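So the chains spell out like this:
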There are 2 protein chains.
Amino acid sequence: LVVFNSLYTDGEWALSWTKRAAEQAEQVAAICCSGHGRAYLDGLVLDGKEPVCECNSCYGGPDCSEFTTDCAANADSGNPYFLEPFWMQHAAKSAILVSGWHRMGYSYPDDSYISAQLEASIRKLHAVVGNAVTEGKYFVFGAGSTQLLNAAVHALAPENSSSPASVVASIPYYKLYETQTELFRSLDYLFEGDVSSLKNISDADHVIEFVTSPNNPDGKLNKAVLHGPNFSAIYDRVYYWPHFTAIPASVDDDLMIFSLSKLTGHAGSRFGWAVIKNESVYQRMAEYMSTSSMGVSRDAQLRALKLIDVALETGGREIFEFGYTTMKDRWEKLTNTLSVSNRFSLQKIAPQYCTYFQKIRGPSPAYAWVKCEREEDEDCYKVLEEAKVNGRSGSEFAAENRYVRLSLIRTQDDFDVLIQRLSELVLEERQQPIYAIANNV
Amino acid sequence: LVVFNSLYTDGEWALSWTKRAAEQAEQVAAICCSGHGRAYLDGLVLDGKEPVCECNSCYGGPDCSEFTTDCAANADSGNPYFLEPFWMQHAAKSAILVSGWHRMGYSYPDDSYISAQLEASIRKLHAVVGNAVTEGKYFVFGAGSTQLLNAAVHALAPENSSSPASVVASIPYYKLYETQTELFRSLDYLFEGDVSSLKNISDADHVIEFVTSPNNPDGKLNKAVLHGPNFSAIYDRVYYWPHFTAIPASVDDDLMIFSLSKLTGHAGSRFGWAVIKNESVYQRMAEYMSTSSMGVSRDAQLRALKLIDVALETGGREIFEFGYTTMKDRWEKLTNTLSVSNRFSLQKIAPQYCTYFQKIRGPSPAYAWVKCEREEDEDCYKVLEEAKVNGRSGSEFAAENRYVRLSLIRTQDDFDVLIQRLSELVLEERQQPIYAIANNV
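How each quantity is defined
- Residues numbered from 1 in each chain as written.
- Chains lettered and ligands numbered in written order.
- Predicted model: local features only at pLDDT ≥ 70, side-chain atom pairs only at ≥ 80, totals over all residues.
- Heavy atoms only, no water.
- Least-squares fit on C-alpha atoms with pLDDT ≥ 70 in both.
- Contact = heavy atoms within 4.5 Å.
- Axes fitted to C-alpha atoms, helices over the stretch in contact; angles between N-to-C directions.
- Helix = DSSP H or I, 4+ residues; strand = E, 2+ residues; numbered from the N terminus.
- Parallel < 35°, antiparallel > 145°, perpendicular 65-115°, else oblique.
- Left-handed = near helix turned anticlockwise from the far one by under 90°.
- Nonpolar A, V, L, I, M, F, W, Y, C, P; charged D, E, K, R; others polar.
- Core = buried A, V, L, I, M, F, W, Y, C linked by side-chain atoms within 4.5 Å.
- Buried < 20%, exposed > 50% of the residue type's maximum accessible area, 1.4 Å probe, protein only.
- Disulfide = S-S within 2.5 Å.
- Pairing = 2+ DSSP bridges.
- Salt bridge = Lys/Arg side-chain N within 4 Å of Asp/Glu carboxyl O.

A.B. asks: It is not clear to me how the relation of the copies chain B and chain A should be interpreted in this structure. Could you clarify?
C.D. replies: Two chain copies here: they are related by a rotation about an axis and a translation along the same axis. If you rotate chain B by 180° and push it 0.0 Å along the axis, it lands on chain A with an RMSD of 0.0 Å. A rotation of that kind, with that shift, is consistent with a two-fold axis. By residue overlap, the copies meet face to face through one surface: 100% of the interface positions of chain B are interface positions in chain A.

Written as structure tokens, this is what we have:
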């Protein structure tokens, strides 16, 4: 029997077994990476020394101080580093010390794979933000929204039906819906692409529609296109937070999916949750999670609990103001940069009343959905790539290659380089007026 | 820009932002649960006070000091709490302090979802233990062995074949192979049950064989039954550690799966790894992990790294001696208890030379595979249940109900109650000699 004594001296804890871990964490945090990178506890260690700096794109050298001047802007993946400074500013509140014996077993005290504490905190957060109705609904946790997407398709497809359910989405859509649904090659469902591909659809056919709202890539607050007794929708709501959109109302869809990644910025933790109205759909999703991976890492659940509780401390005020201000500033810089261009255009998002901030607020989307307007610029990805801007091609969203998605939620460094490259591109456009006019005719 | 200063005073770190988390962890660890439970950081908090004790089965009360005398022994799931005391004894070494901004992004510096540091530590551990050849092989991480099992089936099933691959195992087998393979209802594979069900098998048929070695439930060092160009095996090696078996040789199977759960006892972290010889099988498994969940929680990977590095510090000596001694003692107590019974028998495991301990060693299996010998005891689970022993029925392993699996890897409390209940049962048997003889004729 190991006894952990509590030692108070002068009203302070005299730390014992946690001291070494705390010191290690402070030492790693104190490694200088010039504000253009950070070192991690589990970073690469060279020659038995401390972990190395992991630098932002375009920065290098042992302390990330060397800027590569001709470097391409990385605006590809949705790595949500825009919230990293927030967590550095709240270092003391958001740290957790995990003991070696923390939650070794499979189950929580209620015999489930789901932390009741975490579920309660998430319900509280939705209530405080007012973005989703959770009363009387069921929760399932997954490894990010990713794992829950297929769990939802599985749960909504009718069992033992003679023909597979059709899985559809509206173009432009997040490509993972397609690759994932196809990966599993199930007898129960089949990816059919765009909603409009369903010609001569009858009420007897089973259709599962992915609705992303706000949409990835274009930020639109999409709604389900199909309605009928055999049509069901999976609402991917991962961007439905005040960082990225006005919250016009608390949504009450039958099946909604959220993730830590786009709420607190912790994509690496792989944690998401589904909010489900129907009990049998809930049971099938829970069975899927249990049979495919015995639930979500309890370490990820502990982390999510701490981070969400920090967000809750101020009713979400601190994190959402930080997130919204950051994203709004970035959007304004981007629109200013491209405002003088005839070659590139951006999606339009109207200002809207936000019930959370209780005011009309402007756009602050996670992604820019850029269109190359010149007739010859059919491959917009290539046009931007040549100008050292790496986005994600329209074809990755089942859309025309005339479109490119630019991620705006990455590090400030990534965003700054992006604006620099786009400014150069627009400057070049304006310095070639004859060429541009000739081609615009 | 947030700067984390390093403050040394008198050769000691003056802790700043980590102090609160360290204190919280020590406070929670100091909560008295009488050695029959523990409190967790994310435990249920009543009336805003500190987290409550989570007690072992048969113990209750606010500090887990109340023993329920007529309580049933829980010998069902493979919750590996037998290693919990080891981690409490190594509290300082195994603690980690996770900062709020730890690994927020999707990728490690090499753009993968897999920590290169962790992969290197796992390779080192296999080399030190000498249980598996990893040189020149590929690694894929999953949410426990669970997620990797289906990833492996997916990767080994031929693509776009006209008929699905047959998935088989040898009875008795771990039931999840069946429930999981059936859950996904894939066009590419079909669960066919026992190997012997494959009548008139030809070399042209594709067969995927699950081989569990040591086997769950009976601890046998199984080998693949089928051999041929279209037959492949998934070696579930999660119990192939010195805790549970002699290590006769370093195994070199084409596809092997291991897990943290049965190595360090951290089932809740949901972390496992596959060691793969063939590059294209590796690529398909990696694609599966990426598309189904974008890899494994980076928090779980950080935890696994710390725990495995602690195990490595002494070449595994400390943890494996602790594990082996614990399991061997339990097996000896169990065999002693049942040695005077004619009603119940146990699987036989011969002593064997262990290359890790460099000596011949006796059995220390994770599970007892109990047989009810009396003709009328057809439902062995029910017989034991009436005697307040909850195991897992033979039918859960596709075997006869005359068998029951008893888990030996749970808490010491669970094991002690199990031995007490079994002793009572054997005593009862010996006090009814006439009945017993009459029925044994």
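That was the structure; now back to the text.
A.B. asks: What is the right way to look at the packing of helix α4 (residues 116–129) of chain B against helix α8 (residues 298–313) of chain B in this model?
C.D. replies: Any two packed helices are characterised by the angle at which their axes cross and by the distance between the axes. Residue and element names in this part refer to chain B. The contact between α4 and α8 brings their axes to 9 Å, and the two run at 30°. Classified by the angle their axes make, α4 and α8 are roughly parallel. In this structure, α4 crosses over α8, and the sense of that crossing is left-handed. Contact with α4, carried on its side by Gln117, Leu118, Ser121, Ile122, Lys124, Leu125 and Val128, involves Gln301, Ala304, Leu305, Ile308, Asp309 and Leu312 of α8 and no other residues of that element. Within the contact of α4 with α8, the residues separate by chemical class into eight nonpolar, three polar and two charged.

A.B. asks: Whenever I open this one, the nonpolar core confuses me. Can you help?
C.D. replies: Generally speaking, a soluble globular protein has its nonpolar side chains buried in company with each other. Trp273, Met285 and Leu406 of chain A together with Trp273, Met285 and Leu406 of chain B are the most contacted members of the largest nonpolar core, which has 257 residues in total. Dropping the residues within four chain positions of it, Met285 of chain B is found in contact with Val140, Leu148, Ala151, Ala152, Ala155, Leu255, Ala274 and Ile276 of chain B.

A.B. asks: Explain the state of the cysteines to me, please; I cannot follow it from the model alone.
C.D. replies: Residue and element names in this part refer to chain B. One pass over the full model with this rule turns up eight disulfides over all chains. Through a disulfide, Cys372 is tied to Cys380; the S-S separation comes to 2.2 Å. One quick way to see it: the torsion about the S-S bond of Cys372 and Cys380 is about 70°, and its sign makes the bridge right-handed. This pair shows no difference in class: Cys372 is buried, exactly as Cys380 is.

A.B. asks: What should I look at first to understand the sheet that holds strand β10 (residues 165–169) of chain A in this one?
C.D. replies: Hydrogen bonds between backbone groups are what pair the strands of a sheet, and the pairing can be parallel or antiparallel. Residue and element names in this part refer to chain A. One open sheet holds the seven strands; their spatial order is β9-β15-β14-β13-β12-β10-β11, and the pairing between them is mixed. Where the open sheet ends on each side, the last strands, each with one partner, are β9 (138–142) and β11 (189–194). Averaged over all neighbouring strand pairs, the angle between strand axes comes to 25°, with direction disregarded. As judged from the six bridges shared by strand β12 (residues 207–212) and strand β13 (residues 231–236), these two strands associate in the parallel manner. Across the sheet, residue Phe210 finds its bridge partner in β13, namely Ile234. Sheet contacts for helix α4 (residues 116–129): β9, β14 (255–259) and β15 (272–276); angle to β9, the most-contacted strand, approximately 110°. Packed on one face of the sheet, helix α7 (residues 279–293) meets β9, β14 and β15 and runs near 20° to β9.

A.B. asks: Please explain the pattern of salt bridges as it appears in this structure.
C.D. replies: Note on pairing: side chains with opposite charge can pair once their charged atoms come close. Per the counting criterion, the structure on display carries 34 salt bridges over all chains. Among the salt bridges present, the one from Arg392 of chain B reaches Asp76 of chain B, with a minimum N-O distance of 2.8 Å. Placement of the pair is Arg392 of chain B in strand β21 (residues 392–393) and Asp76 of chain B in the loop between β7 (73–74) and α2 (84–89), with a sequence separation of 316 residues. Taking the relative accessible area as the measure of exposure, Arg392 of chain B reaches 23% and is therefore partly exposed. Put simply, Arg123 of chain B and Glu119 of chain B hold a salt bridge, and the shortest N to O gap is 2.8 Å. Note that Arg123 of chain B and Glu119 of chain B are positioned in helix α4 at a spacing of four residues, about one turn of the helix. On the accessibility criterion, Arg123 of chain B (24% relative accessible area) is partly exposed. Several salt bridges converge on common partners, so that one network encompasses Lys137, Asp252, Asp254 and Lys277 of chain A.

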